[in-house]
Amino acid sequence: MDIELPHPELPQNNDPQVAENDDVDVDEQPNNIPFDVSELPQQLAARDGHHQDEVHVALYQQQVDVNQDYVTKFNTTHPRSITLSKLRTMYRNQDSLGAMGLLSRRHRLIIDDDHIVPRDGPNVVPRVGPHYIDHTLYVGSRQGLDAGLPKIRADHNWQVILDLTNVHRLWPDSNVASLPFNPMGRMVYIGTRLQEQLWVALVPRTFFEPNHPDNARATHPALDAPTTALSQRHSLMFIMFIAHALSSMRLQDIHCSVPYPVPLTRTAVKRSTDILGRDGENHRRIVLRLEDFRRLHDTFGGGWNDWADLIPLEWKEDGFLADHAPVGVTIRYGQNQPLIINGALDVERRNWDDDRNYSYIRQFTFSLATHMSYLDVQEWRNVLNNQRNEDDILYDKPNNDPMRAEVNLEELPLLDEEGFEVNVYNEQGFRVPRRAPVQFSTCGALLNLHSVHELFRSEEDAHGNIHNKAPFDIYPLACTKTLGNIQSRGIMSNFLPHLTRIDNAVRPPLIDGDEDGEDDVDVDVRVHGSSVLHGINCQVYNELSHRVRDEAKFHPVQLGMISAALSGTATKTVASRRRWTQRLQQCNHSLPHERFNDKVSGNNQPQALRFENTYTLDVYRMKEEFRNGSDIYDHIITPLLKTWSHPTVLSPIRDTIVVFKPDRIPLLFAWATFPLTALLEKIWDTHKDTLVEGAVIDPCLIEFTSMVERALNFSHTGNARVLCRRLMDRAWISLGIIHDGLPSISDTFVANGSLTTGNLVIRQESWPVDQDTRRPLTSSRRTQELTYGKDHYEAYEARFTIRHAINYLPARIYAHISNYSMRVACYAAEIGLRVYFDDVKRLVQDSVLLEIQPALDGNDRHARRTANDRHTALSRWLDEEHPLSYSSNILAYLLRAIVDTNDGNRKLELTKSHLGSKPVSFFVDIILKQCSTNPTPRRQPPFITGGHFLAVMRVAIDEMKRCASRDSVTGRDVDSFVSETITHVCQSLKINHIPWCTNPIGGGGTPSSIIVHNVWLNLGAATAPKPASSASFLTRRESLQVAALNSSAQVQLEDSRGDWSASDVRLHNFASVVHKVVLPMEWSTDRASLTSSPQYIIDTYNYVQTAFDMSVPIHQLAVIISIAFSGLLPKVYPPKAVQAEIPKASHLLTSYVRDLEWVSRPKKGASNPEPFVTMMSTFIIALYDPESPISVILRSPKPDIKDWVSKHSAKGITTLALCRLGVAKPCTSRALFSPKWGTDIKELTSSEIAEKHAEVIRLINTGGAYGGYDAILYLVGRGAADLLAKNLYVKARPLPVPGGSLSSPAFPVKRTARDWDDDSWVTTAAVDEVRRKKTRS
C-alpha cells in the first residue's frame, strides 16, 4: 500500500552568487549548484583516489584481489561483527577508548533489529510525496531572449537585473546542464531573471534551422576556445551591442557615444558607454521591468543583424559576429520548489502557463524530485465509497496484468485474513486507497545497495544473461557498506515504459494524418516521430544529505578542517595566517562532526529517500497544441511525478528499501562513525594547546589526522575519490572502509594497544616513502594547498622529508660522507635543489612550447619539422635526472630544445649571461642571501617567478642549521657548514649552469630580475663536449669511449625497464625488445599535439600513459601495430570505397577490408612518423580499455567524440584502420563509411586478442631476421608486409610463410593496471628495498 500526502511548502532558495572573499574557502561558499551525490570538495580530492566501481565490486567480495604484502595481511585478518546497538551504547556512555580500540581490527557493522522496522507488515506502508522541481534550463528557439520572457504582458513584481561586469563567468558544466549546441567560446552571463541566471549564447545561424545537419548532437559546430566564456574581444563587442540597444531604448541614463570603438579595449568601451559603471563606479547593475526586457528582446531579434552589418573592418577579422546570433538561455539550481500541492493545482497550472511562452522555447531541461518514506500506522480511517466518482471503474490488479478484472467495492472486503488492505486499482493502474492513516510515525529509509541493480535490470538476452540497462554507481553511507545512495547515467528500467507513454502522447506522428479518425487506435501503436522527452540521469539519496548542505556547498565534516588547523602553524603570509586563525577558532568552538551532529539532532529530521530524475524536453518538436505551460504541466510534469506511485515502479523500489525507526538515520551517522570521531577528538584535545604560531607539529600526526578525516568524509558521502590509495591502503583505513564498512588501522602504522589506551603512537619508521625521491606519502596536500597555498605545502613536505630522513636515512644516501649530520644536511640541500630542478624544467618547458606551438599548428613543413625536433629534444631533456649538467647528451638536448635554427643560429649556442662565468659559490651565496632576507623581498635570481624553490630552500637551510647544531657547530661556522653542504650537493647534482635574467641593453634603469629560459649563467664547469670525430680518426682513448658507450647501450638494452627507441628497433629487430615493460622513447603526449585539444582527449592520452602495461596483450600489440603503422607512411589510407563492390556477408567483408590497398592522401601531418607511435597506440588501448575516458564517453547516452575522430582520422588513424591492422572486425558495410564503434566495427574478444598476441610474439621471437615480416604478414597481410619491407621496417622473407587465425579480440573488463602501478615505487624506512610487484594477469 502506498500513501500520497501533502507536504508543507518549503522556503525559497534564492541561489545567491558565489562570494568573492579571500577569507571564505571555495567549498564553504554559498551553494549555487544542484546536489550531486558524486560531488566532493576540492580539499579532499585525492590524486590517487579509489574508483567508485571498486566500491561496487567490494559490495560482493571482502578480499582485495591485489598481490601486495599489506593487502595479504589485510586479507588474512578475519573481520569481526559489531552491532549498531553496541556502538550506540559506546556513544551514549562516551566510551571513546573502547570505540577507538575497534579500529585496531577489522570489523563489519550489523544493523540489528532494534533499529529496523519490518516493511512486510500490514501497517507499514510507503508514502510517495511530496514532489519538487530542483533545476530548470530553458533555451530559446529564435534569435532573442525568449528563454527569459514570460507569457504574461504585465507584472509589477517582475524584473531582470543586468550585470555586465561578470561576462567571463563560466557556464556551469554539469551533467544536467546539457545544451543543444557546443557552448565552448559562446556563453556570456548577463544577469538574473527573478531567481534564475540569465545567459546569452552566440550560436551559429544554422541553429535556427531545426533540420540543419549541424543541429545533430554529434555534429555541433565547435569553436577553438579554452572555456565556455566569450573571448575578451567578443565579450566587449557584445557589451557594445547591449549598450547600443539600451541607449536606443532611452533607458535610464545609459548612452553610447561611440557605437564601435577602435581599438577595441575595455578602457575604450568604458569611455564609449556608462553601461559598465558611471564615473567612479566599477560595478553597475541595471534593473529592467518586464516591458523594458520585452523591448530589449525585440532589439535582439530585429536589431542585431542591422547592428552587426555596420561594424568596422577591425571587428570583422574573424567573421564571428556575421556568422553568429544571440539566443537566450536561463538556468536555475536548487530551488527545491514543491509541485502538485493539494488544493493549489489550478494555481500551479496557471503559473506554469504564465511563466514562459513555450511556442518560442527550443529545449527545456528540468530535474524533478519525489520523496519516499514509510509510515508506521497505529490507527486508520476508512475512505467511504461515496467519496469516489461513481463512474470510475476499479480493478483487482494493475494495468500491466492482463488477467485483471473489475471489482465491486460493496462486495469486496477491506482487509484480507492477515490484515492487509485488499488493493483496488483504477484504469491507469494506480492503486486507489480504501483507508487513510490517522495516527502514524514517519520512518526514514535507505537503499539496500545489494539489491538496487534490480532497478536498472534489462530483459534476458538470448543466452539468459541479464545486464544493467543503465550503468550506476553506489555510495555507501555511515560505515554500513550495504546502505546508501546511488547515481546513474540513465533512468530506472521500470520507469522507462511510463516515460515512453508520456513521450508518445506529446510527440507528433511520423506522418501527419487525420488523428480524429484514429480514435480506436492505441496511442502506443501509432508510428511516431523521434522522442521529444528524454530521461538523462537519476540519483537516489537520503533527504538528510540534501538538508545538511543546503546553504553551503559542503557540510563541515567534508572540509578537512582539523588537519588544516594542525598544519597551519608554519604559515608565512598575512592571508594564510588569517585562514589558519579561522580554522583554529572553528575547531576550538566545535569540531566539524560535532557541528554536524548538532545540525541533525532533534526530532522530525528529514529522512525520506529522494528520487531525482533529470529530463530534457525538445519543446519545438512537440505537438503544437501542447507547446504551452499548462499542457506541459498536465501532460508531462504531473504524470512524471505521479509515475513513482504506480505499482510497476513502486513495487521494485520497495524491495530495495530498508526502513528505519523514526529519527534513527541521523543517529546512525553519529553512532557508526563514533570510532573515527572519538579518535579525532582525542587528537585535537591532545594537541590544541600546542598550536601556536611557529610551532612544528609532527607531520605524521597531520597526515594520520588527514586520513581519518577522509575516512569520515567517505562515511558521510560514500565517495571513493576521497581515499588516497597508496597511503590509506597501506594504513588499512581505505581497505577497511571499502571492504568491511568500518575502517581499520594496521598495527604497521599505529602501535598495538595505543588506540585503546588513548596514547596514540604512530610508527614513523614504517611510514611509506617514495623509493626514488624518498619523500613520504601524504594525504593532506590538497587541503594545505587550497587553504594556505602551494608554497606552504612544498615547504611542509620538504620539512617532513628531511625530518623523516634524520631518523631513517637510507644507507645509500651520501654514503661516502662519514659525518652523519653532514649526510642529513646534504640530503636536505638535495631536496631543495631538486625543487629548483622542477622550477627550471617548468620554465624551459612552458617557454619552448609557447615558441614552437605556432609552427606545430602551421602549414610550413620545414618550420613544423624543426619545431617537432625541438619538442623531441625538450622531452628528452625533461627526463634527465641532472638537467643542469654538461654531461653526456644533456646539454645537446637543451640546446636543440631552446635554440631556434630557423632564426639563423647554426652554432647551437646558449646566450651567455653578461656576468660571464661564475663559480658555484656565487650561486650558493645568493641562495643564502635571498633565503635569509625577512620579510620576503622582491624575488631575485636565481629564484624563478611562480616557482617553489624559495619556500622549500628556506626550510632546507633551517634543517641544515639544526644538523650543524647537532654536530656542535656554532657561530659563523654554521653559515660555512651550510654553504659547504650546498656546494657539495651542487657538485653531486652536476649543476654546471643555471638560467638567468635577460642581459641589459644599454641605457639606465633597473636591470631585469625575471629569470628567462634562453639566457644562462655558467658556473665554471667543463665546456660542452666536442662533436664526435669520424671513426677513421679515433684515438685510442676515443675508441675506448666508444666501446664503453656500446657496452652501456647493451646493458640498457638488456634491462627490461631500460630506454629503447622504436625508430631504431623498428620491427626487424623487435625480438631484442620484446621483453621491455616500458613505452618506447618516441612515446610522448607532447608529440600528439594536445595543447588545443578538448580536455577529454588530453585525459585519454594521460590515462593510457598511466595505465600502460606491456604484460597486457592488447597493450603490446598496440605498440607493435603503431610501429608498423608508422612504417607504412604515407600510405596509411584505404582507397575510396565503392558501395557496389562491398560484400554483404561478414566473413567476406573481413577479407575485403583486409585486401584493400594501402594508399597515400595529401593530408597534413601524414608524412612525419614521430607522432604515430603515440597516437595509434593510444587510439587502440583507449578503445579497448573500458575505463578510459573515451570509452566512458562512448557508453554515455549521447556520446560526442567529434574532436577525437577528427584529430585521428586526419592521420589515417580510424576504426577501419584497426580492422585492416587485424585488431578489430568489420560487421556491416558502413564500416567503410563513418562507422560506429561497437556496431559497424567491433572489438575482438579477449581470447582472440590473446591468441593473436601469442602468435605475433611467437613469430617475432622465432623468425629471426624475418620475424617482423612474418608477424605483419599474419596480422595485417602481404601488402602491408611488403610495403614495410620496402620502407626498411621489416626484412622480407623470400618464401611465403603460413598464416594464422584471423579471429578478433576484446580487452578484458577488469581493474586497470594504473590502480596499483605506483606501489612498486613505495617503500618504508624499515624496508629500503621493496620487491617488485608481481605481474597481474
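Asks: Explain the overall build of the protein here, please?
Replies: Of regular secondary structure, the protein possesses 43 helices and 25 strands. Counting all 1337 residues of the protein, 55% fall into the buried class. Total accessible area on the protein stands at roughly 57600 Å², and carbon and sulfur atoms take up 50% of it.

Asks: What am I meant to see in the confidence of the model for the protein here?
Replies: Close reading of the predicted structure is inappropriate where its pLDDT is low. Chain-level pLDDT for the protein is 84 on average; 85% of the residues reach the 70-or-more range. Every residue in residues 1-31 scores below 50 in pLDDT, and together they form 95 contacts with partners more than four places removed in sequence or on other chains.

Asks: What is the right way to read the environment of serine 887 from this model?
Replies: Checked against the element boundaries, serine 887 lands in the loop between α26 (861-878) and α27 (890-898). Of the residues examined, serine 887 reaches a relative accessible area of 30% and is grouped as partly exposed. Separated by 105 residues in sequence, serine 887 and asparagine 992 have C-alpha atoms that sit 9.1 Å apart.

Asks: When you look at the packing of helix α34 (residues 1113-1128) against helix α36 (residues 1170-1184) in this model, what are you seeing that I'm missing?
Replies: Think of two packed helices as two axes; the pair is described by the angle between the axes and how far apart they sit. For the pair α34 and α36, the least separation of the axes is 8 Å and the interaxial angle reads 145 degrees. As α34 packs across α36, the resulting crossing turns out to be right-handed. Facing α34, whose interface residues are Ile1114, His1115, Ala1118, Val1119, Ile1121, Ser1122, Phe1125 and Ser1126, α36 presents Phe1172, Val1173, Met1176, Ser1177, Ile1180, Ile1181 and Tyr1184. The residue inventory of the contact of α34 with α36, partitioned by class, reads 11 nonpolar, four polar and no charged.

Asks: I tried to follow the sheet that holds strand β21 (residues 993-997) on my own but got confused; where do I start?
Replies: Backbone hydrogen bonds are what pair the strands of a sheet, in a parallel or an antiparallel way. The three strands are arranged β20-β22-β21 in an open sheet whose pairing can be described as mixed. Sheet topology places β20 (911-912) and β21 at the edges, where each strand pairs with a single neighbour. Bridging between β20 and strand β22 (residues 1011-1018) involves two bridges; their strand directions are parallel. When the bridges of β22 are listed, lysine 912 appears paired with tryptophan 1016. Sheet contacts for α27: β21 and β22; angle to β22, the most-contacted strand, approximately 140 degrees.

Asks: Explanation requested: helix α14 (residues 592-599) in the structure shown.
Replies: Residues three or four positions apart in an α-helix share a direction because the helix packs 3.6 residues into each turn. Of all the residues in α14, the buried ones are Pro592, His593, Phe596 and Asn597. Summarising the axial view, the buried residues of α14 lie within an arc of 135 degrees, below the 170-degree limit, and thus occupy one face.

Asks: Honestly, the pairing of strand β17 (residues 609-618) in this entry has me stumped. Any pointers?
Replies: For a regular strand, side chains alternate in direction, first toward one face of the sheet and then toward the other. Of all 10 residues in β17, 10 are buried; the element is thus mostly enclosed. Because side chains alternate across β17, one face comprises the buried residues Leu609, Phe611, Asn613, Tyr615 and Leu617, and the other comprises Arg610, Glu612, Thr614, Thr616 and Asp618, equally buried. Pairing of strand β9 (residues 361-382) with β17, which is carried by 10 bridges, proceeds in the antiparallel orientation. Considered in β17, the bridge of methionine 372 is made with leucine 609. One ladder, built from nine bridges, connects strand β16 (residues 533-542) with β17; its direction is antiparallel. Within the sheet, the bridge partner assigned to leucine 533 lies in β17 and is leucine 617.

Asks: Teacher, can you tell me more about the packing of α34 against helix α42 (residues 1278-1286) here?
Replies: One way to put it is that α34 packs onto α42 with a least axis distance of 9 Å and a crossing angle of 70 degrees. With respect to their mutual orientation, α34 and α42 come out roughly perpendicular. Considering how the two elements wind past one another, α34 and α42 form a crossing that is left-handed. In this structure, α34 uses Ala1124, Gly1127 and Leu1128 to contact α42, whose residues at the interface are Ala1280, Leu1283 and Leu1284.

Asks: Would you mind showing me how to read the side chain of threonine 136 here?
Replies: As for its position among the elements, threonine 136 is in strand β3 (residues 124-140). Among the residues examined, threonine 136 registers a relative accessible area of 7% and is labelled buried. Other than its neighbours up to four places away in sequence, threonine 136 contacts Glu196, Thr330, Ile331, Arg332, Gln335, Phe364, Thr365 and Phe366.

Asks: I would appreciate a short explanation of the pattern of salt bridges in the present structure.
Replies: A pair can form between side chains of opposite charge whenever their charged atoms are brought close. Enumeration according to the criterion identifies 42 salt bridges in this entry. A salt bridge links glutamate 54 to arginine 725; the nearest nitrogen and oxygen atoms lie 2.7 Å apart. In this pair, glutamate 54 is assigned in helix α1 (residues 52-58) and arginine 725 in helix α20 (residues 725-730), connecting sequence segments 671 residues apart. Note on accessibility: glutamate 54 and arginine 725 belong to one class, buried.

Asks: Teacher, can you tell me more about the nonpolar core here?
Replies: Considering soluble globular proteins, one finds that nonpolar side chains tend to be buried as a cluster. Membership of the largest hydrophobic core comes to 137 residues, with the highest contact counts inside it found for Trp352, Phe366, Leu617, Ile636 and Leu640. Ranked by residues supplied to this core, first place goes to helix α19 (residues 699-717) with nine residues. Residues within four places of leucine 617 in sequence aside, it is in contact with Arg362, Gln363, Phe364, Phe366, Val532, Leu533, Met622, Ile632 and Ile636. In this structure, Val1073, Ile1120, Ile1123 and Leu1218 belong to the second largest nonpolar core, which totals 87 residues.

Asks: Explain the state of the cysteines to me, please; I cannot follow it from the model alone.
Replies: Throughout this description, disulfide means a covalent bond between two cysteine sulfur atoms. Throughout the structure, instances matching the rule amount to zero disulfides. In this structure cysteine 1219 is not part of a disulfide, and its nearest cysteine sulfur, from cysteine 1227, lies 7.7 Å away. Assessed through its relative accessible area of 8%, cysteine 1219 is described here as buried.

Asks: I keep staring at helix α17 (residues 665-672) and nothing clicks. Help me out?
Replies: Counting buried residues along α17, seven of its eight residues qualify, which places the element largely inside the surrounding structure. Those residues of α17 not exposed but buried are Ile665, Pro666, Leu668, Phe669, Ala670, Trp671 and Ala672.

Asks: Explain the packing of aromatic side chains to me, please; I cannot follow it from the model alone.
Replies: A ring pair, where both rings are aromatic, is described by two values, the distance of the centres and the angle of the planes. Counted under the stated rule, the structure contains 39 aromatic pairs. Relative to phenylalanine 293, the ring of tryptophan 158 has its centre 5.6 Å away and its plane inclined at 45 degrees; by these criteria the two rings are tilted. Of the two residues, tryptophan 158 is situated in the loop between β3 and β4 (159-163) and phenylalanine 293 in helix α7 (residues 290-309); the sequence distance between them amounts to 135 residues. In this pair, the class of tryptophan 158 matches that of phenylalanine 293, namely buried. Seen in terms of ring centroids, phenylalanine 241 and tryptophan 307 are 5.2 Å apart; in terms of plane orientation they differ by 65 degrees. Their pairing is edge-to-face. Of this pair, phenylalanine 241 sits in helix α5 (residues 232-248) while tryptophan 307 sits in helix α7, and the two are 66 residues apart along the sequence.

Asks: For this particular structure, what's the right way to read the environment of asparagine 1168?
Replies: By the secondary structure assignment, asparagine 1168 is in the loop between α35 (1146-1154) and α36. Between the C-alpha atom of asparagine 1168 and that of lysine 1211, which follows or precedes it by 43 residues, the distance is 9.9 Å. Discounting chain neighbours no more than four positions away, the residues touching asparagine 1168 are Asn868 and Leu1129.

Asks: Whenever I open this one, unusual backbone geometry confuses me. Can you help?
Replies: With the exception of glycine, most residues fall at negative phi, and the peptide bonds are largely trans. For the bond running from glycine 129 to proline 130, omega is 5 degrees, close enough to zero to count as cis. In this structure, proline 942 follows proline 941 across a cis peptide bond, with omega equal to 10 degrees. One can find proline 942 in the loop between α28 (920-932) and α29 (949-966). The phi dihedral of alanine 478 is positive, around 55 degrees, even though this residue is not glycine. Turning to its location among the elements, alanine 478 is positioned in the loop between β14 (472-476) and β15 (483-488). A relative accessible area of 0% means that alanine 478 is categorised as buried. Its identity is not glycine, yet serine 1234 carries a phi of approximately 45 degrees, on the positive side.

Asks: Help me understand the environment of asparagine 423, please; the structure alone is not making it clear to me.
Replies: Locating asparagine 423 in the fold gives a position in the loop between β9 and β10 (424-425). Looking at asparagine 423, the relative accessible area reads 24%, which means it is partly exposed. When the C-alpha atoms of asparagine 423 and lysine 397 are compared, they prove to be 7.8 Å apart, with 26 residues separating the residues in sequence. Excluding its chain neighbours within four sequence positions, the residues that come into contact with asparagine 423 are Tyr395, Asp396 and Arg431.

Asks: Looking at this structure, I do not really get a negative patch on the surface. What am I missing?
Replies: A cluster of acidic residues, Glu314, Glu317, Asp318 and Asp323, forms a negative patch at the surface. Relative to the helices and strands, glutamate 317 is located in the loop between α7 and α8 (320-323). On the basis of relative accessible area, glutamate 317 is assigned to the exposed category, the value being 67%.

Asks: How should the side chain of serine 715 be read in this particular structure?
Replies: Locating serine 715 in the fold gives a position in helix α19. Setting aside anything within four residues of it in sequence, one finds serine 715 in contact with Leu477, Ala478, Cys479, Phe669, Thr673, Leu676 and Ile737.

What counts and what doesn't
- Residues numbered from 1 in each chain as written.
- Predicted model: local features only at pLDDT ≥ 70, side-chain atom pairs only at ≥ 80, totals over all residues.
- Heavy atoms only, no water.
- Helix = DSSP H or I, 4+ residues; strand = E, 2+ residues; numbered from the N terminus.
- Buried < 20%, exposed > 50% of the residue type's maximum accessible area, 1.4 Å probe, protein only.
- Areas by Shrake-Rupley, 256 points an atom, 1.4 Å probe, with all protein chains shown as cover.
- pLDDT = per-residue confidence, 0-100.
- Contact = heavy atoms within 4.5 Å.
- Axes fitted to C-alpha atoms, helices over the stretch in contact; angles between N-to-C directions.
- Left-handed = near helix turned anticlockwise from the far one by under 90°.
- Nonpolar A, V, L, I, M, F, W, Y, C, P; charged D, E, K, R; others polar.
- Pairing = 2+ DSSP bridges.
- Arc of directions from axis to C-beta.
- Parallel < 35°, antiparallel > 145°, perpendicular 65-115°, else oblique.
- Salt bridge = Lys/Arg side-chain N within 4 Å of Asp/Glu carboxyl O.
- Core = buried A, V, L, I, M, F, W, Y, C linked by side-chain atoms within 4.5 Å.
- Disulfide = S-S within 2.5 Å.
- Phe/Tyr/Trp six-rings, centres within 6.5 Å; stacked < 30°, edge-to-face > 60°.
- Patch = residues over 30% accessible without salt bridge, like charges linked within 9 Å, V, L, I, M, F, W, Y side chains within 5 Å.
- Lys, Arg positive; Asp, Glu negative; His and termini not counted.
- Charge placed at Lys NZ, Arg CZ, Asp CG, Glu CD.

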